[in-house]
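Per-entry structural report
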Amino acid sequence: MDIKLDPSRDDLPLMANTSHILVKHYVLDLDVDFESQIIEGTIVLFFESGNRFKKRSSSTEIACRSEPNEACKFRMPEPCQIPVTDTKTFSSKIGYNDFVICGKGEKDTSGKDGNHDNQEQASGISSSKYCCDTGNHGSEEFLLVLDCCDLSVLKVEEVDVAAVPGIEKFTRSPKLRNQIVRELVALPADRWREQLDYYARCSQAPGCGELLFDTDTWSLQIRKTGAQTATDFPHAIRIRYRTKPQGRSVTWTSDQSGRPCVYTVGSPINNRALFPCQEPPVAMSTWQATIRAAASFVVLMSGENSAKPTQLQEGYSSWHYYVTMPMPASTFTIAVGSWTEMKPEICSSNDLATERSFSPSEADFRYVGVCGHMEYPCRFQNASATTQKIIPHRVFAPVCLKGACQETLLPLIPPCLSAAHSVLGTHPFSRLDILIVPANFSSLGMASPHIVFLSQSTLTGMSQLCGTRLCHEIAHAWFGLAIGARDWTEEWLSEGFATHLEDVFWAKAQQLAPHEAWEQQELRACLRWHRLQDEVQNSPEEMQVLRPNKEKTGHVSDSGSSVIRHGLNPEKVFMQVHYLKGYFLLRFLAKRLGEDTYFSFLRKFVHTFHGQLILSQDFLQMLLENIPEEKRPELSVGNIFRDWLESSGIPQGIFLTQGLSTGLQHCRQILYHLSHRKSLLLRDISKYKDRST
């Protein structure tokens, strides 16, 4: 290919040193100012440290090898040219001093307004031996590294959680701050309300010492004098900061009615320009947020509760959301605008909005046993939640789109939710908000916990586009959110599943006869095959691979840092490789196993891995181990995958032994196949090449 890839420009660094310390909970307290296009306030981070977070190391570009008494630096991409904007605070809280502490002999690199910006700097910390010290190396101090970009950091301090009234009620060591946080994050799931309450109280506690910090292009680096290990480092810190109008995590724009709004845009850099955080997926956390804005605005967010505004003085309102299911910080989403909640008109009994029952045997998707994830209030263990076909939902949009929403979108939500439940079982999330985002939204949809963004384009024409896109985003509740990829380069684990399931959900939502569903799905497969062929012929080869890290997929450096291959490449946003290749793999498996067998397995897989992070081999190995006994003679491991692997030249010799004892070997061959360009251009789909669209 003529197109050259530049790793220093294309790869996205994940800088957080998650191998030694993890954020367990975020408390955000923010003001949204549309006049200055700035979000400003504080975020309090609660940590848990321990050697059990140590990950296998790999030689990534930003990984640094820590050796005793040897200084080392992170390798950084070229600095982003982000101008510094002098802004004024909008916070309704009392003012605070904006300054940075610099260590002895260090040069103060803060701006005139007293803050540090995410730009390349030659300051004391970023150029010293502390830069990549993440453990205990003699006299060196532990350095906390957070993912951070396009932010102005004003102040970092330790939080005196021991000063919270009543904290002694649940801790054995009321005077030891780190011990208090350890016991707080370890509270059992049935005490989640009490836990959230104490998180909120602790976040409002006074500071007890400012911490040294510095920023560079992609990170915020924090240390405390004398804290040599992650265990010694403060387990509750408060960061005062403000976003920038040019920040790449949020978009300031106008809605279809011409009124101002702001929303998070997700990839490529996720939320690091909205708040300092740990971006690697392994840093699964909970959060709560209080957002203040002018009373005319509605605040929507990833939250379990359907928040209502609290009126404040001087024409402002406050909104509070929380999440108790740990998820990567990249899944956090917020949207603030003059949205209107769309209510359905009175529907007849024949309307699509009527709740329908797609009732496979409950034994198909209700399993006995303890969940495999970290402890949290889980819907899969709630008897009433497992049978809830349609979760509570709301639709928001600019008022000018009311008619289109009522006619096209609102009638589709109940049948699509019910269809998804009939296929996969328990809805992972307790409620759903759907927002029609402004016209500059660059995708058809985006799913986050408890909220889905849909493009206004889905409201045009017949219900087909709206229904399929809605089903795609609903599928992400299971694949992409409840079950996430441990390595972000394996996007097919999210997008491939959602693309395959959207057809299945949509056919059930329409209540199509089997032959009608087959015809519809065959047509869509044909169109996708042509799209995939065009993309393979007109895109860089390196970007056509489902597992670009190959055998190093899932590996991180000693500190926990890593890179996302091609994560910043502008072409990646428009590519469909992970959607389409993943889709054709799953379609192939469903046909070879039989749909009843495949979807029965998929429900079991969801129950086993919800609330966890996975790699490709987790899915493939469980699939190989769960071929039903009666199907093994005719559908042995070798028979299932022979045609798929043969089409790319994998030798048949690997199938000399066909029993399940060779499942791991076959799994490795499949993973090899996923790591190369021509993966999934299968003989099984070649029949589409001569069909007319």
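Structure report, in brief. Just so it is clear, the model here is predicted, and its values are computed rather than measured. (Residues numbered from 1 in each chain as written. Predicted model: local features only at pLDDT ≥ 70, side-chain atom pairs only at ≥ 80, totals over all residues. Heavy atoms only, no water.)

1. So, unusual backbone geometry
Among all residues save glycine, negative phi is the norm, and among peptide bonds the norm is trans. Look at Q37: it is not a glycine, yet its phi comes out positive at around 55°. Among the structural elements, Q37 can be located in the loop between strand 2 (21–33) and strand 3 (38–49). The class of Q37 is partly exposed, set by a relative accessible area of 32%. In this structure, N270 is a non-glycine residue whose phi angle is positive, near 55°. By the secondary structure assignment, N270 is in the loop between strand 12 (260–264) and strand 13 (284–294). (Helix = DSSP H or I, 4+ residues; strand = E, 2+ residues; numbered from the N terminus. Buried < 20%, exposed > 50% of the residue type's maximum accessible area, 1.4 Å probe, protein only.)

2. Observations concerning the sheet that holds strand 9 (residues 219–223)
If you trace the three strands from one edge of the open sheet to the other, you get 5-9-8, paired in antiparallel fashion. In this open sheet, the two edge strands, each paired with only one partner strand, are strand 5 (143–147) and strand 8 (212–215). Averaged over all pairs of adjacent strands, the angle between strand axes in this sheet comes to 20°, irrespective of strand direction. (Pairing = 2+ DSSP bridges. Axes fitted to C-alpha atoms, helices over the stretch in contact; angles between N-to-C directions.)

3. A few points about the pattern of salt bridges
Summed over the entire model, instances satisfying the criterion amount to 27 salt bridges. Here R177 ties to D160 by a salt bridge, and the two come within 3.7 Å at their closest N and O atoms. One end of the pair, R177, is in helix 2 (residues 177–185); the other, D160, is in the loop between strand 6 (151–159) and helix 2, and 17 residues separate them in sequence. For D160, a relative accessible area of 17% puts it in the buried group. (Salt bridge = Lys/Arg side-chain N within 4 Å of Asp/Glu carboxyl O.)

4. Digging into the sheet that holds strand 11 (residues 250–254)
Strand pairing within a sheet occurs via backbone hydrogen bonds; the two strands may be parallel or antiparallel. If you walk across this open sheet you meet the four strands as 11-12-17-14, and the pairing is antiparallel. The open sheet has two edge strands, strand 11 and strand 14 (298–301), and neither has a second partner. Taken pair by pair, the neighbouring strands of this sheet meet at an average axis angle of 15°, ignoring direction. In the sheet, strand 11 pairs with strand 12 via five bridges, with the strands oriented antiparallel. Residue pairing for strand 12: T251 is matched across the bridge by Y263.

5. Quick notes on the nonpolar core
Within the largest apolar cluster, 136 residues are counted, with the highest numbers of intra-cluster contacts made by I222, I239 and F619. Excluding residues within four positions of it along the chain, I239 makes contact with G41, T42, I43, L45, L146, V153, K155, V156, L220, I222 and P276. (Core = buried A, V, L, I, M, F, W, Y, C linked by side-chain atoms within 4.5 Å. Contact = heavy atoms within 4.5 Å.)

6. Regarding the packing of aromatic side chains
Two measures describe an aromatic ring pair: the distance that separates the ring centres and the angle between the ring planes. Evaluation of the coordinates by the stated rule reveals 24 aromatic pairs. Ring centres of F47 and F233 lie 6.5 Å apart, and the angle between their planes is 80°; this geometry places the pair in the edge-to-face category. Of the two residues, F47 is situated in strand 3 and F233 in the loop between strand 9 and strand 10 (236–243); the sequence distance between them amounts to 186 residues. Neither F47 nor F233 differs from the other in exposure class; each is buried. Summarising the aromatic geometry, the rings of F275 and F332 are spaced 5.3 Å apart at their centres and angled 80° between planes, so their arrangement reads as edge-to-face. (Phe/Tyr/Trp six-rings, centres within 6.5 Å; stacked < 30°, edge-to-face > 60°.)

7. A short note on the packing of helix 10 (residues 577–593) against helix 11 (residues 595–609)
Relative placement of two packed helices is described by the angle separating their axes and the distance separating the axes. In the contact formed by helix 10 and helix 11, the axes pass within 6 Å of each other and the chain directions differ by 120°. The orientation of helix 10 with respect to helix 11, classified from their angle, is oblique. Residue-level inspection shows L586, L589, A590 and L593 of helix 10 in contact with helix 11, the latter providing E595, T597 and Y598. The class makeup of the residues in the contact of helix 10 with helix 11 is five nonpolar, one polar and one charged. (Parallel < 35°, antiparallel > 145°, perpendicular 65-115°, else oblique. Nonpolar A, V, L, I, M, F, W, Y, C, P; charged D, E, K, R; others polar.)

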